[in-house]
Amino acid sequence: MRTLFGAIADDFTGATDLAGLLARSGVRVSLRIGVPAEPPTDTAAFEVIALKSRTAPVADALQETRAALGWLQAAGAQRFFWKYCSTFDSTPEGNIGPVAEMLMDALGVDQTIYCPAFPENGRSIFMGNLFVGQQPLAESPMKDHPLTPMRDSNLMRLLEPQVTRPVGLADRLTVAKGAEALRARLGALKEQGVAHVVVDAVANNDLFEIADACRDMVLLTGGSAVAMPLPKAYLRDGTLEADAARFDVPALDSQAVVLSGSCSAMTNKQVAAYRLLGRPSYQLDPLALAQKGAGDALDWLAGQDLSKSPLIYATAKPDSVKAAQEMLGVAEAGKIIEQALADCAVAARDAGARRFVVAGGETSGAVTKALAADQLDVGPEIAPGVPWCFCQSAGQQIALTLKSGNFGDEMFFTEALDKL
Ligand code: ADP
């Protein structure tokens, strides 16, 4: 199948989120972890490449994105999407603006849009200002982010230092008038030489107007939600053939394992709720892992009945995470646990597990790497932005769901397992 739409995401769970929303339409969506080493064969109509470039040095982000673009072009893609975080995570250096400008140059386009809005998840843009729930971005917890503190809520002001060409706005009053008015506004801005257009969106319906107005633009940029209506828009206008290879969920053995390395507030609740159901569970102790390795956990796992979907978790409350980090160092503690969970994933697969519920962005990276899962077909969504994905691992068809910190509700683990 020839690829129509190629997306590049600046982080792993962001790519999963985008892939899940695109797959809501029923078209086949394929998610690649990193730029594939091999040239494209058997690609999906919608291809998403996950990079790890959000906080990389600008030059590295440009180089990686350029390689991803080349692969997507070789797959036949004609429409491109640059996906970043719905809180516009970036610094005055980048990487959102520089990457967008590089993509524009490479694709020969003189205008693109910026729309990180995701009304379903409380991200809205009004008069160019981004809100997180009811708070302006710069008053939200994002103001204290360790790597990309967001101290301004105005997207035009945030973007300007990151790009070389003029920045403008298509505001909500225009978007509310519909796709035609938005197209006219974009055209007028283009005549004035405005290359980078922030587009307001406060309600879900705005996203449909924006997708309708912008579906023929070669390059769009934004959060996952603005891309969500595109598959259906392409099916309606015939850009995508009606039979665009739907993905059929394969039948899989029900043996499962739940691996949790996220320590977010929501994951703590999810682990507690799962244990309350009386499911078998094993808690990893970072200090014991540092001293003795993952042997005890692997022995415990070897004795489990995988049809009961046992849970192995390092998930802990902030004070015990801090204690472990003080003893081992932040990076070392994280690495030891990620490695242990990755080893458990491989052991579980070799013991017959075919369904893997994984909590934590970094944890997901470690587990997919260990399972050599670098191409995933995206299936049904469990929670907004968290789909089941299917891939081959050591010659076996397996299913994985990769949940970043605060996604999903308290019963996510059982909801995920019940969904297949
Ligand atoms: P999230 O998506 O919630 O940010 P991640 O998996 O990306 O989750 O990050 C959590 C990090 O915390 C991982 O590196 C993980 O190994 C580490 N970690 C998990 N449990 C503990 C713990 N008990 N003590 C210290 N670090 C931990």
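Residues numbered from 1 in each chain as written. Predicted model: local features only at pLDDT ≥ 70, side-chain atom pairs only at ≥ 80, totals over all residues. Heavy atoms only, no water.

## A closer look at the overall build of the protein chain
Short version of the rule: Helix numbering and strand numbering both begin at the N terminus, where a helix is a DSSP run of H or I of at least 4 residues and a strand a DSSP run of E of at least 2. Throughout, radius of gyration means the C-alpha value; the globule benchmark is 2.2 Å times the number of residues raised to the power 0.38. Relative accessibility under 20% of the residue-type maximum defines a buried residue, over 50% an exposed one, and the middle range a partly exposed one, all with a 1.4 Å probe and only protein chains included. When checking whether two residues touch, look at their non-hydrogen atoms; a contact exists if any pair is within 4.5 Å. What sets the accessible areas is the Shrake-Rupley method with a 1.4 Å probe; for residues, cover comes only from the shown protein chains. Lys and Arg are tallied as positive, Asp and Glu as negative. Neither His nor the chain termini are counted. Every charge is mapped onto a representative atom, which is NZ of Lys, CZ of Arg, CG of Asp or CD of Glu.
Across its full length, the protein chain holds 15 helices and 18 strands. Here the C-alpha radius of gyration of the protein chain, 22 Å, is about what a compact globule of 420 residues would show, namely 22 Å. Taken over 420 residues, the protein chain has a buried fraction of 56%. Sequence separation of at least 24 residues holds for 75% of the intrachain contacts in the protein chain that already meet a minimum separation of 6. As displayed, the protein chain has an accessible area near 16900 Å², and 50% of this comes from carbon and sulfur atoms. Each charge class in the protein chain was averaged separately, 37 positive and 49 negative side chains, and the resulting centres sit 2 Å apart.

## Focus: the site of the ligand
The condition that has to hold: For this purpose, a residue is taken to be near a molecule or strand whenever a single non-hydrogen atom of the residue falls within 4 Å of it. Residues adjacent in sequence count toward polar contacts only when both atoms are side-chain atoms; beyond that, a polar contact is any pair of N or O atoms within 3.5 Å, and within protein one must be able to donate a hydrogen and the other to accept it. Residue polarity follows a fixed list, in which Ala, Val, Leu, Ile, Met, Phe, Trp, Tyr, Cys and Pro are nonpolar, Asp, Glu, Lys and Arg are charged, and the others, Gly among them, are polar.
Not every one of the 17 residues close to the ligand is listed here, only the nearest: S262, E338, E362, T363 and G405. Backbone polar atom of A314 to a nitrogen atom of the ligand: 3.0 Å apart, as the coordinates give it. T363 places a side-chain nitrogen or oxygen 2.7 Å from an oxygen atom of the ligand. Its free accessible area being 580 Å², the ligand has 82% of it covered by the protein chains. The set of elements that each furnish at least two residues to the shell around the ligand consists of α12 (318-328), α13 (330-350) and α14 (361-370). Taken together, the residues of the shell around the ligand break down into seven nonpolar, eight polar and two charged.

## Some details on the pattern of salt bridges
To be explicit about the condition: Within this document, salt bridges are pairs made up of a side-chain nitrogen of Lys or Arg and a carboxyl oxygen of Asp or Glu, the two lying within 4 Å of each other.
Counted by the stated rule, this structure contains 21 salt bridges. A salt bridge links D296 to K292, with the nearest nitrogen and oxygen atoms 3.0 Å apart. Of the charged contacts in the structure, one is a salt bridge between D350 and R349, with a shortest N-O distance of 3.1 Å. One salt-bridge network, held together by shared partners, links D10, D11, R54 and D89.

## Some points on the sheet that holds strand β8 (residues 135-136)
To keep things clear, this is the line we draw: Each pair of strands is called paired provided DSSP finds at least two bridges between the two strands.
Spatially, the three strands line up as an open sheet ordered β6-β7-β8, and their pairing is antiparallel. Each of the sheet's edge strands pairs with one partner strand only, and the pair in question is β6 (123-126) and β8. Inspection of the sheet shows β6 paired to strand β7 (residues 129-132) by four bridges, in the antiparallel sense. Across the sheet, S124 pairs through a bridge with F131, a residue of β7.

## A closer look at empty space enclosed by the protein
One way to see where empty space is left: roll a probe the size of a water molecule over the atoms. Keep this limit in mind: The definitions used throughout rest on a 1 Å grid laid over the protein atoms alone, on which a cavity is an enclosed set of points accommodating a 1.4 Å probe that cannot get out and a pocket is an open set flanked by protein within 12 Å on both sides along at least five of seven lines; lining residues are those having an atom within 4 Å of a point. Grid points are joined across faces, edges and corners, and a volume is the space filled by probe spheres set on the points.
Applying the stated criterion across every chain, the model contains one cavity of 30 Å³ or more. Around the largest cavity, the lining residues are T13, T16, G385, V386, L402, K403, S404 and F407. Secondary structure elements with two or more residues in the lining of the largest cavity: α1 (12-23) and β18 (396-403). When its residues are assigned to classes, the lining of the largest cavity shows three nonpolar, four polar and one charged.

## Points about the environment of P250
Within the secondary structure, P250 sits in the loop between α8 (230-236) and β12 (256-260). Separated by 140 residues in the primary sequence, P250 and F390 have C-alpha atoms spaced 8.1 Å apart. In contact with P250, other than residues within four places in its own chain, are F390 and Q397.

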